[in-house]
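Residue-level structural notes
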Amino acid sequence: MMFPSRPMLCVITDEELPPVTFARQALWGGATILQLRNKTASGRDLCRWSEAILPLTRQHNALFIVNDRLDIALATGADGVHLGQDDLPATVARKLLGPDRIIGVSTGTREEALQAEKEGADYVGFGHIFPTGSKDKPLPPVGTRALQETASLLSIPLIAIGGIQLENARRVISCGASGIAVISAVSRHPDPRIAAEALVREMAEGMLL
Ligand code: TZP
Ligand code: MG
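Residues numbered from 1 in each chain as written. Chains lettered and ligands numbered in written order. Predicted model: local features only at pLDDT ≥ 70, side-chain atom pairs only at ≥ 80, totals over all residues. Heavy atoms only, no water.

Where an unreviewed UniProt entry is consulted, the protein appears under the name Thiamine-phosphate synthase, with the organism given as Chlorobium phaeovibrioides. The protein has a UniProt comment under Function (unreviewed entry) that states "Condenses 4-methyl-5-(beta-hydroxyethyl)thiazole monophosphate (THZ-P) and 2-methyl-4-amino-5-hydroxymethyl pyrimidine pyrophosphate (HMP-PP) to form thiamine monophosphate (TMP)." (UniProt positions renumbered as here; feature names shortened; annotations may be inferred.)

**Side note on the environment of I156**
With respect to the helices and strands, the residue I156 is situated in the loop between α6 (143-153) and β7 (158-161). A residue is classified by how much of its surface remains accessible, and I156, at 17% relative accessible area, is buried. C-alpha separation for the pair I156 and V124, spaced 32 residues apart in sequence, amounts to 7.5 Å. Apart from the residues lying within four places of it in its own chain, the contact partners of I156 are E117, A121, D122, Y123 and V124. (Helix = DSSP H or I, 4+ residues; strand = E, 2+ residues; numbered from the N terminus. Buried < 20%, exposed > 50% of the residue type's maximum accessible area, 1.4 Å probe, protein only. Contact = heavy atoms within 4.5 Å.)

**Observations concerning the packing of aromatic side chains**
In the structure shown here, the tally under the stated rule is 1 aromatic pair. When the centroid spacing of 6.1 Å and the interplanar angle of 90° are considered together, the rings of F3 and Y123 count as edge-to-face. Note that F3 is positioned in the segment before β1 (8-12) and Y123 in strand β6 (residues 123-127), a separation of 120 residues in sequence. With respect to burial, F3 and Y123 carry one shared label: buried. (Phe/Tyr/Trp six-rings, centres within 6.5 Å; stacked < 30°, edge-to-face > 60°.)

**With respect to the coordination of the magnesium ion (ligand 2)**
In this structure, D68 (OD) and D87 (OD) serve as the protein donors to the magnesium ion (ligand 2), at separations of 1.8 to 2.1 Å. Of this pair, D68 sits in the loop between β3 (63-67) and α3 (70-76) while D87 sits in the loop between β4 (80-83) and α4 (90-97); the two residues are 19 residues apart in sequence, bridging distant segments of the chain. Judged by relative accessible area, D68 falls into the partly exposed class, the value being 25%. Accessibility expressed as a relative area gives 29% for D87, which makes it partly exposed. (Donors = N, O, S within 2.8 Å, 3.2 Å for Na, K, Ca; no water.)

**Quick look at the site of ligand 1**
The full set of residues close to ligand 1 is R37, H128, T132, S134, K135, I161, G162, G163, V182, I183 and S184. A distance of 2.7 Å separates an oxygen atom of ligand 1 from a polar atom in the backbone of G163. Take I183: an N or O atom from its main chain is 2.9 Å from an oxygen atom of ligand 1. When ligand 1 sits alone it has 380 Å² of accessible area, and the protein chains cover 95% of it. (Near = heavy atom within 4 Å. Polar contact = N/O pair within 3.5 Å; in protein donor to acceptor, adjacent residues only side chain to side chain. Areas by Shrake-Rupley, 256 points an atom, 1.4 Å probe, with all protein chains shown as cover.)

**Here we look at helix α1 (residues 19-28)**
Three or more residues of α1 are buried, namely P19, V20, F22, A23, A26 and L27. For α1, the angular spread of buried residues about the axis comes to 160°, placing them on one side. On its buried face, α1 is in contact with β1, β2 (33-36), α2 (43-59), α8 (184-187) and α9 (192-206). Positive phi shows up at G30, right after α1, with a value of about 105°. (Arc of directions from axis to C-beta.)

**Notes on a nonpolar patch on the surface**
Side chains of L74, L88, V92 and L96 sit close together on the surface and give an oily, nonpolar patch of about 300 Å² of accessible area. Within the element layout of this structure, L96 appears in helix α4. (Patch = residues over 30% accessible without salt bridge, like charges linked within 9 Å, V, L, I, M, F, W, Y side chains within 5 Å. Salt bridge = Lys/Arg side-chain N within 4 Å of Asp/Glu carboxyl O.)

**Here we look at the pairing of β1**
With 5 of its 5 residues buried, β1 lies for the most part within the structure. Going residue by residue along β1, you find M8, C10 and I12 tucked away on one face and L9 and V11 tucked away on the opposite face as well. Where β1 and strand β8 (residues 179-182) come together, 4 bridges link them in parallel fashion. Across the sheet, C10 pairs through a bridge with A181, a residue of β8. Bridge analysis of β1 against β2 gives 3 bridges, and the strand direction is parallel. Bridging across to β2, C10 finds its partner in I33. Taken together, β1, α1 and β2 form a β-α-β motif whose crossover is right-handed. (Pairing = 2+ DSSP bridges. Right-handed = clockwise from strand over helix to strand, strands pointing away.)

Rendered as structure tokens:
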């Protein structure tokens, strides 16, 4: 599986917004990965949304990842699945998905990140880096030091997540992240397309730091 060499922008759907319209806007703005995430929707709705979003990602040369639901990722032909620490281990997901699909794993410590790599993850999500209002998290933010250290130890891409906004995207990339995953920086902007475009530009600047 090949990821783009430029910094990746993973836009995650916001449960408060209609996902297909939001996905279209984010993809227009240059999202490299679109992740469908909704913890409360029915399997039926998730399937319907996946079937609608997949062709949009194809048109924009982007990747389509389903959060949590390996069954829906498989059935709808998504590029991969994103799993948390309490979901199926990557080793088990790999048996079902085969070698070519993408498996991403959420991690919050360098131990978890190294373990995910060992278990065959294609990338790790790492965070939350900064305080975030988009997810209930009892733990404190991991910060940019842990980000830098963990990124330096991994051979697979690290995608930083949590509280990443236009103002800190550049710093996150300069710490060695291969990309960022965001919800509110794009979903809460009056024009999600413009927000995504701006993040892509900021990350390109971060590469130069
Ligand atoms: N996992 C860790 S933080 C987070 C998830 C899904 C939420 C990220 O949202 P935001 O609005 O980009 O901080
Ligand atoms: Mg999960």
